[in-house]
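# A closer look at the structure
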Amino acid sequence: MVSLEIDADAVVTLRFMQPYDPQDERAYLDALHQIGQREEPYTLLTIFGGGRALSQAGEREQALWFKATRDRVSQACRACAIVRPDASEKTAEIFRRLWPFPIVAEREEAVGRAFLLSQYSGTRP
């Protein structure tokens, strides 16, 4: 299951959760493209269910998305929380090398959401 939501606090939530469906990879990549088009300020909450990797073609498309949208995402995104069952500080460090905004990796959605709200308070559009 893949879903993309934007709430009143400008938190963009991307969920990629089990049970996985054959169309989920396409839906995930389409959601990334939607995020990459966003120009308004936001924070990003990514929630992954674990246990699944993208196909080789999906990994390639994700890398191309990163290259194509890195500047726009870097300007609009204020912070990112990565929530997944195996989240660790090492996970966060890897993503901090890719993006200039604050990033945490957490195992609980509530903790990740609280981080995002603390990063974005006072700068809402």
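Below is a summary of the structure that appears in this document. None of the values given here were measured: they were computed from a predicted structure. (Residues numbered from 1 in each chain as written. Predicted model: local features only at pLDDT ≥ 70, side-chain atom pairs only at ≥ 80, totals over all residues. Heavy atoms only, no water.)

## Some remarks on the environment of Ala79
What counts, and what does not: We count a stretch as a helix when DSSP gives it H or I for four or more residues in a row; a strand needs E for two or more, and each element gets its number in order from the N terminus. Note on contacts: a residue pair is in contact if any heavy atoms of the two residues lie within 4.5 Å.
Along the chain, Ala79 falls in strand S4 (residues 77-83). Residues Ala79 and Leu45 lie 34 residues apart in sequence; the distance between their C-alpha atoms is 8.6 Å. The contacts of Ala79, once residues within four sequence positions are left out, are Tyr42, Thr43, Leu44, Phe101, Pro102, Phe115, Leu116 and Gln119.

## Some words on helix H4 (residues 109-120)
So the rule is basically this: Take the residue count of a helix, subtract one, and multiply by 1.5 Å to get its expected span. Relative accessibility decides the category of a residue: with a 1.4 Å probe and only protein chains considered, values under 20% of the type maximum give buried, values over 50% give exposed, and everything between is partly exposed. Think of it as the arc spanned by the lines of direction from the helix axis to the C-beta atoms.
For H4, with twelve residues, the first-to-last C-alpha span of 17 Å sits near the 16 Å given by 1.5 Å per residue. Every buried residue of H4 is accounted for by Gly112, Phe115, Leu116 and Tyr120. Buried residues of H4, seen end-on, are gathered within an arc of 120° and therefore sit on one face of the element. Buried-residue contacts for H4 involve strand S2 (11-16), strand S3 (42-48), S4 and strand S5 (103-106).

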